[in-house]
Amino acid sequence: MVLNYIWVAFFVIAFIVALGKLIFFGDTEIFTQIINSTFDSSKTAFEVSLGLTGILSLWLGIMKIGENSGLINALSRWLSPVFCKLFPEIPKGHPVMGSIFMNIAANMLGLDNAATPMGLKAMKELQELNPKKDTATNSMIMFLVLNTSGLMLIPISIMVYRAQMGAVQPTDIFIPILISTFVSTLTGVLVVSFFQRINLLNKAMLIFLGGLSCIFGIIIYFFVTLSRENMGTYSTLVANVILFLVIIGFITSGLRKKINVYDAFVDGAKEGFTTAVRIIPYLVAFLVGIAVFRTSGAMDIIVNGIGSVVGFFGLDTSFVGALPTALMKSLSGSGANGLMIDTMKQFGADSFVGKTSCVVRGASDTTFYILAVYFGSVGISKTRNAVTCGLIADLAGIIAAIIMSYVFFY
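**Side note on the side chain of Lys355**
- Relative to the elements of secondary structure, Lys355 occurs in helix α16 (residues 352-363).
- Note on Lys355: relative accessible area 14%, which makes it buried.
- Residues within four places of Lys355 in sequence aside, it is in contact with Arg162, Asp172, Ile173, Ala349, Asp350 and Phe409.

What follows is the structure, encoded as structure tokens:
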């Protein structure tokens, strides 16, 4: 129901703002622009889904090899001590644990295209355990908040955008993003655990969180010791090597178990097309709503209002120029990328605002897009507190990103 109210609010607020522009400012083009945005965003939604078809087929095929070879089950057993604490409703050793792990690992490497099909695979398996097929389970909510909080070790795409926009050091946002996304994910886990009354103060979780913190520390130390030029090269190399090793590992596992690897891949790939078609209506709904809200000028009003409030209390407002990216990030990844690029173009890639917009973009993921696609793929209409938990994690990530930007760049 929360998604329903938010979606309706996009249109109602956009209409009120547009009507105000027409009556008080004589803007006779505003409604034309809004209608044009609905056509453009509908086309974009279809193109996004169409573009996902091949990627979904590839990775669902790879996952099917891992499933048939028993590798997914092995990952599930290995992760069971930790994931059973975060997902107490999932039976021990269930294959979905492996799918969840693969999805989270792909997100951590900044491999969005690989993470989505793995996430959809995990949602399908979680839905098989769901006694109420239209209502999100606790496990689904925890899984999606882990996705929306966007834990990312290597922000490859953002570095590439900065390089294209002429940044002197495209990789200088790496450590601020790493810290911000860690804060966002940790907050998301804590909030969901609070709502679901999950006790995190146990040996397995403390060891896991401590180990994860050590990994983050080692990564930060490693990249700090690199030159600026080598940082981008090595981060991209590491991500792609690990990704290809995953593919080789799954295929090798299939060969060891003497299964028909090719047939297993084709069987899994067939699911890619049907999944891509199934998510089109949900993508159209939310991308159109977001486009209408943005085109009407409602987003600008919110940003300017926040800037005025911050200025009223005598605080520095240098970061306000990055807020459109921060707010759009929760709604649309492509929209946030567009605003991030536009901010760098307007203020300069190496300006404080330009760098801050990149850090807030990488601090967490696109909450509403992920909720719409993932829940839509399995027909969930009652999302319970998933939106609330996701937005709290988003807010924590944005605040951490702004603070880190002042620490590193101001």
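**With respect to the packing of aromatic side chains**
- Scanning the entire structure with this criterion turns up 11 aromatic pairs.
- Taken together, Phe319, Phe352, Tyr406 and Tyr410 form an aromatic cluster joined through their ring pairs.

**Some details on a nonpolar patch on the surface**
- Together, Trp7, Val8, Val12, Phe15, Ile16, Leu19, Leu22, Ile23, Phe24 and Phe25 give the surface a local cluster of nonpolar side chains, amounting to about 1000 Å² of exposed area.
- Take Val12: it is sitting in helix α1 (residues 2-25).

**Details of the nonpolar core**
- Core analysis: the largest hydrophobic core is formed by 92 residues, its most contacted members being Phe87, Ile100, Met123, Phe143 and Phe375.
- Of all the elements, helix α17 (residues 367-378) adds the most residues to this core, at eight residues.
- The contacts of Phe87, once residues within four sequence positions are left out, are Met97, Ile100, Ser139, Met142, Phe143 and Leu146.

**Observations concerning the environment of Leu19**
- Along the polypeptide, Leu19 turns up in helix α1.
- Among the residues examined, Leu19 registers a relative accessible area of 32% and is labelled partly exposed.
- Between the C-alpha atoms of Leu19 and Ser296, which are 277 residues apart in sequence, the distance is 9.2 Å.

**Quick notes on the packing of helix α11 (residues 261-278) against helix α12 (residues 280-295)**
- Here α11 crosses α12 at 35 degrees, and the two axes come no closer than 4 Å. Side by side, α11 and α12 meet where Ala276, Val277 and Arg278 of the first sit next to Ile280, Pro281 and Tyr282 of the second.
- Partitioned by chemical class, the residues of the contact of α11 with α12 number five nonpolar, no polar and one charged.

**Some thoughts on the environment of Ala322**
- Note on placement: Ala322 falls in the loop between α13 (298-312) and α14 (323-329).
- Sequence separation between Ala322 and Met340 is 18 residues; the distance between their C-alpha atoms is 7.7 Å.
- Among residues more than four places away in sequence, those in contact with Ala322 are Val353, Thr356, Ser357 and Val360.

Conventions and cut-offs
Residues numbered from 1 in each chain as written. Predicted model: local features only at pLDDT ≥ 70, side-chain atom pairs only at ≥ 80, totals over all residues. Heavy atoms only, no water. Helix = DSSP H or I, 4+ residues; strand = E, 2+ residues; numbered from the N terminus. Buried < 20%, exposed > 50% of the residue type's maximum accessible area, 1.4 Å probe, protein only. Contact = heavy atoms within 4.5 Å. Phe/Tyr/Trp six-rings, centres within 6.5 Å; stacked < 30°, edge-to-face > 60°. Patch = residues over 30% accessible without salt bridge, like charges linked within 9 Å, V, L, I, M, F, W, Y side chains within 5 Å. Areas by Shrake-Rupley, 256 points an atom, 1.4 Å probe, with all protein chains shown as cover. Salt bridge = Lys/Arg side-chain N within 4 Å of Asp/Glu carboxyl O. Core = buried A, V, L, I, M, F, W, Y, C linked by side-chain atoms within 4.5 Å. Axes fitted to C-alpha atoms, helices over the stretch in contact; angles between N-to-C directions. Nonpolar A, V, L, I, M, F, W, Y, C, P; charged D, E, K, R; others polar.

Don't take any of this as a statement about function, it's just geometry.
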